[in-house]
Amino acid sequence: MRFLPIRFQIFLGCFLNFAVAIAIVRAQSEGRLGASLEGPVRIPATRFEYLPLGPLSLDPRTGIGPDEAATIALYSNPALRAIRDRRRLAVAQVIQAGILPNVVVSYARDYVTGGNTAGAVTAYNLSAGWEFSALIPFLPKQTAARRNLASVDLDIAWQEWQIAENARTAVYRVLALDAQTRQAREANRGLQESTDAMRKAVEAHEKTVLDLAAAEASSQDSRATMLSLEQDFERQRLGLNKILGVEPETKVRLRAGLMLPTHLDPPDERDLLANIESRRLDLLGLRKGYESQDAIVRAVILAQFPKMSVAFVRAKDNTNVQSSGFNVAVDVPIFDRNQGVIATERATRQRLLDEYNQRVFEARSDIAVAIADIRALNRQVAAAQEALPVLERLVDSAEKAREQGNVDVLSYYTARNNLLQKKIQLIKLQEQLLEANTALEIASGRYLPMNRALQPR
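This section reports on the structure supplied with the text. Since the structure is predicted, the reported quantities are computational estimates derived from the model, not experimental observations.

This part is about the overall build of the chain. Each helix and strand in the chain was counted, giving ten helices and four strands. Secondary structure of the chain in N-to-C order comes out as α-α-α-α-β-β-α-α-α-α-β-β-α-α. When the 457 residues of the chain are sorted by exposure, 40% land in the buried category. Of the roughly 25600 Å² that the chain leaves accessible, carbon and sulfur atoms contribute 55%.

The structure is reproduced here in C-alpha cells:
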C-alpha cells in the first residue's frame, strides 16, 4: 500500500491529540459533579461490629440467646448464601474490566485459476492489527469495576447486619410470646378451676345460674386469649427457625434466665448522628456505588474518542510483487458520538446521588423516631407496672366481696380479665421496647450493648 502524505499524517496526529485532550478534560470536569460525596471513607475494622467480643459457646442443651441466634443466622441462613453469590459476579466484572481486546490476524490467498496465467503466482495477504483506542477508557473501567466490588461487599455486609438483627428480634418475640402464653395459661387454669367450683356450687344450690354463666363466659374469653397467643407463639417459633436456617420441626431452646427489660437508656442522639455516613454499611455501599458510576461516566465520555486500529500488512500479488506496510482504521464520529450512553450513565449517577442523600435523611429521621419510641415506651412500661398492683388489689377486694355477697360475680371476673390483659400488655410493651432498640441499632449502624444481658433494670 502507499504511504500517506506527510501533511496528512501531521494533521491526523494533531486531530487525535486534540480529541484525546477534549475527552480527558470533559471526563475530569464531569467527575467534579460528585464532589459532595468526596472525603475519606471509614469502614469498620470488623464487618460484624455488633457481635460481642470473644468466642460464642453454642450449646443446644443450654439454649441460645440473641447474640448466639445472630451468629447462627449469619452462618446458616439460606437467604444470605444467595446474597453472597452476588460477589462472584462483581469479581467477574473486575476480571473482565482488566482484559484488553485481542489482536486481529487475517490471512488470505488468491489462487490463479484461468486467463493469461503466464508468470502468474498465487497471491496472499497477511495482516495483524489491534484496536489501541481501547486503552483510553481502560483505567476508568477498572476503577468502576473495583469500586462496584467494594459496593457489593458493603451491601452484602449490610444485608448480613439486618439478618443478624432480625434473628435477635425473633428471639425477643419468642421470649415475649412465651411469657404472654404462660400468663394466659395460668389465668385460664385459675378461671377453669373457679368455673368448676362454681358449677358444683350451683348444683348444691349455693350459687345461681347467672353466677355460673358469668364464670363460664370469663373462662371462655380467657381460653380464646390463650389459644390466640399459642398460635402466635408457634408462628413466631417457626419464624425463628426460618431465620436461623433450621428445619421447622427443630425445637430451638432459649437460654434460661433471659428476661425482658423494663427500662432502656438510649445513647445521646448527637453521638449517634455523628459520622453516620461513615458508619452505616448501606451508606458506605452507596458511596462506593456512586464512585463506581462516576468512573463509568468518565469511561463512556472517553469512549467518544474515535475507535482506531493499526495493522501491519504483508502481501504478494499475482505478479510476485511483494509489499509490506501498515493500515490505520479510524471510526469517524459523525452520527454516533456515544451521546445516548453518556446521557444514560449521567442519569444513573444522579439517581444514585439522590438515593444516597435520601438514605442519609431517612437514617437521621429513623434515629430520632427510635429514640422517641424508646422514651415513650419507658413511660408506658412504668405506667403499666404502677397499674398492676392496683389491679391486683382490686381483684383481691372483688374476690373477698364476692365471697361475702357484696358484689356481683360479673364484676369480679371483669376485674380478673382486666388484670390478665394488663399483664399481657406489659409484656408486649417490653417487647416493643426491645424492638425499638433494635430499630435504633439498625438506623445508627452501631451495636448498643444495653440489651446484651436482657436483664431488668
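Alright, that's what it looks like, and here's the rest.
Further remarks concern helix 6 (residues 209–244). Taking 1.5 Å of rise per residue, the 36 residues of helix 6 would be expected to cover 52 Å, and the 52 Å separating its terminal C-alpha atoms lies within 8% of that figure. Just beyond helix 6, the residue with positive phi is G245, at close to 80 degrees.

Okay, the packing of helix 6 against helix 10 (residues 409–444) next. Axis separation between helix 6 and helix 10 bottoms out at 8 Å; the angle between their running directions is 15 degrees. For the element pair helix 6 / helix 10, the angle class is roughly parallel. Of the two elements, helix 6 crosses helix 10, and the hand of that crossing is right-handed. For the pair helix 6 and helix 10, contact is made by D211, A214, A215, S218, S222, T225 and L229 and by V409, L410, Y413, L420, Q421 and I424, respectively. Looking at the contact of helix 6 with helix 10 residue by residue, the classes come out as eight nonpolar, four polar and one charged.

The strand order across the open sheet built from four strands is 1-2-3-4, with neighbouring strands paired in antiparallel fashion. Only two strands of the sheet have a single neighbouring strand rather than two, namely strand 1 (104–110) and strand 4 (322–330). Averaged over all pairs of adjacent strands, the angle between strand axes in this sheet comes to 15 degrees, irrespective of strand direction. In terms of strand pairing, strand 3 (residues 308–316) meets strand 4 through nine bridges, oriented antiparallel. Bridging across to strand 4, V313 finds its partner in G325.

Attention shifts here to the packing of helix 9 (residues 339–404) against helix 10. Contact geometry of helix 9 with helix 10 gives a least axis separation of 8 Å together with a crossing angle of 160 degrees. Here helix 10 runs roughly antiparallel to helix 9, going by the angle between their axes. As for the relative orientation of helix 9 and helix 10, their crossing is left-handed in sense. Counted by class, the contact of helix 9 with helix 10 contains 25 nonpolar, eight polar and eight charged residues.

Let us look at the nonpolar core. Inside soluble globular proteins, nonpolar side chains tend to come together where they are buried. Within the largest apolar cluster, 38 residues are counted, with the highest numbers of intra-cluster contacts made by M198, L272, I367, I374, Y413 and L440. Those elements that place two or more of their residues in this core are helix 5 (138–203), helix 6, helix 7 (269–273), helix 8 (281–302), helix 9 and helix 10. Setting aside chain neighbours within four positions, we find L440 in contact with P266, P267, L272, I367, A370, I371, I374 and L448. Of all hydrophobic cores here, the second largest spans 29 residues; its members include A73, I83, V152 and A176.

What counts, and at which threshold
- Residues numbered from 1 in each chain as written.
- Predicted model: local features only at pLDDT ≥ 70, side-chain atom pairs only at ≥ 80, totals over all residues.
- Heavy atoms only, no water.
- Helix = DSSP H or I, 4+ residues; strand = E, 2+ residues; numbered from the N terminus.
- Buried < 20%, exposed > 50% of the residue type's maximum accessible area, 1.4 Å probe, protein only.
- Areas by Shrake-Rupley, 256 points an atom, 1.4 Å probe, with all protein chains shown as cover.
- Expected span 1.5 Å × (residues − 1).
- Axes fitted to C-alpha atoms, helices over the stretch in contact; angles between N-to-C directions.
- Parallel < 35°, antiparallel > 145°, perpendicular 65-115°, else oblique.
- Left-handed = near helix turned anticlockwise from the far one by under 90°.
- Contact = heavy atoms within 4.5 Å.
- Nonpolar A, V, L, I, M, F, W, Y, C, P; charged D, E, K, R; others polar.
- Pairing = 2+ DSSP bridges.
- Core = buried A, V, L, I, M, F, W, Y, C linked by side-chain atoms within 4.5 Å.

These values are about where atoms sit, not about what they do.
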